Amino acid sequence: MSQSVAIHVENISKSYGTFRAVSELTFKVFKGEVFAMLGPNGAGKSTTIRMILDILKPDSGKIEVLGGALTQATKERIGYLPEERGLYRGVSVIEMMVYLGTLKGLSPADARRRSMDYLTRLDLAEYAKKKVSELSKGMQQKVQFAVTVLHDPELIIIDEPFSGLDPVNTLVIKDLLLDFRRRGGAVVMSTHLMHQVEEMADRLLMISRGQQKLYGTVAAVRAQYALPAVIVEGQGEWKQLEGVERVEHSENGRMGDVLFLKPGVQPDHVLGEIARRDDMHIRRFELAVPSLNDIFIQVVAGERYEQSVVGR
Amino acid sequence: MSRLTLQIFLYELWRGLRRRGYLFSAFGIPLLVLLGLLIAPRLAGVAAQDAAESISRAQERAAQFGDALGYVDLSGLLEGIAPSNPRLTPYPDEQSARAALNAGEIAGYYRIEPDYLETGAVTTVMPMLRLDSIDSAPIRRLMLDALTQGLDSDLAAHLTRTPSYTTINISLLGAKEGGGLDEGSTFIVVYVFALALLIGVFFTNGYLLQTVIEEKETRLIEILISSVRPSDLLTGKILAMGLLGLLQMAFWVAGIILAIQIAGGGAGQLEFLASIANIRLPTELVPLLAIYFVLAYLLFAALYGIIGALSNSMREGPQYAVIFTIPAVFPLYFINLFATTPDGTIPTVLSLFPLTAPLAMVQRLAISVVPLEQIMLSIALLAASCVGALWLAGRLFRMQTLLAGQMIKLRELPYLLRG
């Protein structure tokens, strides 16, 4: 991963009257990575994105985008797709794309050529001259995405990129985003779909009530929340194992049992012990690492991870 | 104008010109009026033919007997008076007059009522009502002859002579020397200016409201303001909608002139239009009128931008607009005051206050010589208001984006405006 910084946010805060929307937030986004911004509704994600794009001014702190303060020239190197988005309904798809492309500094001819390229890639070429209102919601979403990347930006900021898309179109957009990352672009993605973050994101920032809760690589964040336990599925009296302190049974039995290890005992020691015994057989053995969804719930709702693991 | 503002201006202009609603109101309505003018005479002709047939008999009778008329004097005032008009025949009583009418000897008769001296009552009797046959001149002349009987003939001639009028079209004579316009031209200048401004503002701002509300409805605005400053976006829109409004006015004026010409017989209207066009304003007034028109246009467009930003539907917008449009026409209520004391306190204050300045200052300029410093101050205040209103409209435009269509609470205004 390149360490060239695309966004550098340093200690920013923003209040609306007495309500503190963002509080002393600091993070970096690097070029060539997908960076996920997570948090519950009203956590301050949109406010943070709007401050990055200079739509809102922070009360304090500093923001650098693509190497400096945001200027008109910098804006032309950014693609932005907000959660609340739309297109003029009464105009043709190609006209809409060319107009928005020219606002990003493209010549009309260049904007038209690129628009047609993207429409072809997205299987929408035949709709180029149709009015936006004649397109389905999913098609409009794809056009909006194409507009976001039309001017070949260095940084893309997308709020809920897969909202309103069916699984096939989700895959298409996901591939385009990952392709963009491979070419060295930076993607900031705000989403509630945790499995998409696990699949796509390199690093993440979780905000709750305007404050940073989690920040780092996805693997590191998950490891940070890993328990001293393993999940096993099979037959045997797990309590008899030397390294196991206690066993929690899953409520429905489908997900196996959670074996909490004694202090200092490593999972591979337990696995070796099971393998040596003839009265125990396993079909599944895994570390009790929580999913991002579990972590999200735990952080946001204050639930204990142990309860969520045992309860599922 | 920045590159982005120009791009938005051109795009909005192009988009607006293709809107069905605009095409209909700009071209369709004048076209319908023209068609109406072409078709109406034919339809009227058919109806007139039926009516013409029904009265043709009466007309034939009138042609046969000429315009012979009779009269019956029940007042006794015309005793011994011989009518000087050979068309007029006296009858001693109504029966004989009616008999002559039935016999077709006369086309009608006048009955001078007994109380004529007190009431002036005269009744006209004719076989069929024809507006073109109602003529009080013969009996009036007869009564004048009776009343002046016995007077010196020269004196009688003086008393009965119709005054000789000479009409001068003052609008063609230009401005009076040494200052303002004559009263007639002043009213025309003020009313034409007010009418042009208000119609322009009305048209333009309908489109502006529509396009601002559309931004909110489509939710494209947040994408746009990530590329363009809200004030640039709004300026581009305002200029485009302003030009669309002016173009529409131009089409309508052209349509009216064409309609008058097609309708024919519109010499009077054409003369009126020509007289407006021929008003010779003092040279220094023309650029001032232009400045006030443009600034007023921009100010009201920006104010409508604010209304658009605050409204969530086309239904709400015009209701809020009254707040600005009533003060704008306020100076017209004081037109007499402006005519008598153009440099008084109220005209001066109204000509400085930005919302009322365009119409107030134009009235003063047309009537008197306004001190240069007052003109400068008025224009400066108007220009500053335009900039302020544009800025505020841009801010509110952005706020509405952030609030996603929620109504703004007054207590939230300061920090929302700060951004």
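(A) Looking closely at the overall build of chain A. Helices and strands together make up the secondary structure of chain A, namely 11 helices and 13 strands. Among the 312 residues that make up chain A, the fraction classed as buried is 38%. Residue pairs in contact within chain A that sit at least 24 positions apart in sequence constitute 68% of those at least 6 positions apart.

(B) Geometry of the packing of helix H14 (residues 345-352) of chain B against helix H15 (residues 357-367) of chain B. All names here are of chain B. Packing of H14 against H15 brings their axes to within 6 Å, and their N-to-C directions diverge by 130 degrees. It follows from the interaxial angle that H14 and H15 lie oblique. Both H14 and H15 take part in a crossing whose hand is left-handed. Residues Pro347, Leu350, Ser351 and Leu352 of H14 pack against Ala357, Ala360, Met361 and Arg364 of H15. Taken together, the residues of the contact of H14 with H15 break down into six nonpolar, one polar and one charged.

(C) Quick peek at the sheet that holds strand S11 (residues 244-249) of chain A. Residues and elements named next belong to chain A. Spatially, S11-S12-S10-S13 is the arrangement adopted by the four strands of the open sheet, whose pairing is antiparallel. Only two strands of the sheet have a single partner each, and these edge strands are S11 and strand S13 (281-287). Here the strands of the sheet are splayed against their neighbours by 25 degrees on average, with no regard to which way each runs. Pairing between S11 and strand S12 (residues 257-261): five bridges, direction antiparallel. From the neighbouring strand, Arg246 faces S12, where its bridge partner is Phe260. Here helix H9 (residues 267-276) sits on the sheet in contact with strand S10 (229-235), S11, S12 and S13, set at roughly 175 degrees to S13.

(D) Summary view of the interface of chain A and chain B. Taken residue by residue, the interface counts 21 residues in chain A and 18 residues in chain B. Per-element tally for the side of chain A that touches chain B: the top contributor is helix H3 (residues 93-103) of chain A, with four residues. For the side of chain A that touches chain B, a count of residues per class yields 12 nonpolar, three polar and six charged.

(E) Structural view of the sheet that holds strand S4 (residues 122-125) of chain B. Residue and element names in this part refer to chain B. The strand order across the open sheet formed by four strands is S2-S1-S3-S4, and the pairing between neighbours is mixed. Each end of this open sheet is capped by a strand with a single partner; those strands are strand S2 (88-91) and S4. Neighbouring strand axes in the sheet, compared pairwise and without regard to direction, differ in orientation by 25 degrees on average. Judged from the four bridges that link them, strand S3 (residues 108-112) and S4 form a sheet pairing that is antiparallel. Each bridged residue has a counterpart across the sheet, and for Arg111 the counterpart in S4 is Thr123.

(F) Summary view of the nonpolar core. Within the largest apolar cluster, 134 residues are counted, with the highest numbers of intra-cluster contacts made by Met97(A), Ile157(A), Leu299(B) and Ala302(B). Top contributing element to this core by residue count: helix H11 (residues 285-310) of chain B, with 14 residues. Leave out the neighbours within four places in its chain, and Ile157(A) touches Ile49(A), Ile52(A), Leu53(A), Ile78(A), Tyr80(A) and Val188(A). Of all hydrophobic cores here, the second largest spans 16 residues; its members include Tyr71(B), Leu88(B), Tyr109(B) and Ile139(B).

(G) Spotlight on the pairing of strand S8 (residues 203-208) of chain A. All names here are of chain A. Most of S8 sits out of view: five of its six residues are buried. The sheet contact formed by strand S3 (residues 34-38) and S8 spans four bridges and is parallel. Bridge pairing links Ala36 to Leu204 in S8. The pairing of S8 with strand S9 (residues 211-217) spans six bridges and is classified as antiparallel. Residue pairing for S9: Met206 is matched across the bridge by Leu214. The hairpin turn running from S8 into S9, its antiparallel successor, is two residues long, and Arg209 in that turn takes a positive phi close to 50 degrees.

(H) Just helix H5 (residues 137-149) of chain A, in detail. Residues and elements named next belong to chain A. Its 13 residues give H5 an end-to-end C-alpha distance of 19 Å, which sits within 8% of 18 Å, the value for a rise of 1.5 Å per residue. Among all positions of H5, only Gln140, Gln141, Lys142, Val143, Gln144, Phe145, Ala146, Val147 and Thr148 are buried. Looking at the packing, one finds that the buried side of H5 touches strand S5 (78-81), H3, helix H4 (108-121), strand S6 (155-159) and helix H6 (167-182).

(I) Structural detail: the pairing of S3(B). All names here are of chain B. Most of S3 sits inside the fold, with five of its five residues counted as buried. Burial of the side chains of S3 extends over both faces: Gly108, Tyr110 and Ile112 are buried on one face and Tyr109 and Arg111 on the other. Sheet analysis places strand S1 (residues 69-73) next to S3, joined by five bridges and oriented parallel. Pairing of Tyr71 across the sheet is with Tyr110, part of S3.

(J) A look at the packing of H3(A) against H4(A). Residue and element names in this part refer to chain A. The N-to-C vectors of H3 and H4 enclose an angle of 130 degrees; their axes lie 8 Å apart at closest approach. The pairing of H3 with H4 is recorded here as oblique in orientation. Here H3 runs over H4; the crossing is right-handed. Between H3, through Ile94, Met97, Val98, Gly101 and Thr102, and H4, the contact on the second element is made entirely by Pro108, Ala111, Arg112, Arg114 and Ser115.

Cut-offs applied
Residues numbered from 1 in each chain as written. Chains lettered and ligands numbered in written order. Predicted model: local features only at pLDDT ≥ 70, side-chain atom pairs only at ≥ 80, totals over all residues. Helix = DSSP H or I, 4+ residues; strand = E, 2+ residues; numbered from the N terminus. Buried ≥ 20, exposed ≤ 12 C-beta atoms within 10 Å, placed from the backbone. Contact = placed C-beta atoms within 7 Å. Axes fitted to C-alpha atoms, helices over the stretch in contact; angles between N-to-C directions. Parallel < 35°, antiparallel > 145°, perpendicular 65-115°, else oblique. Left-handed = near helix turned anticlockwise from the far one by under 90°. Nonpolar A, V, L, I, M, F, W, Y, C, P; charged D, E, K, R; others polar. Pairing = 2+ DSSP bridges. Core = buried A, V, L, I, M, F, W, Y, C linked by C-beta atoms within 7 Å. Expected span 1.5 Å × (residues − 1).

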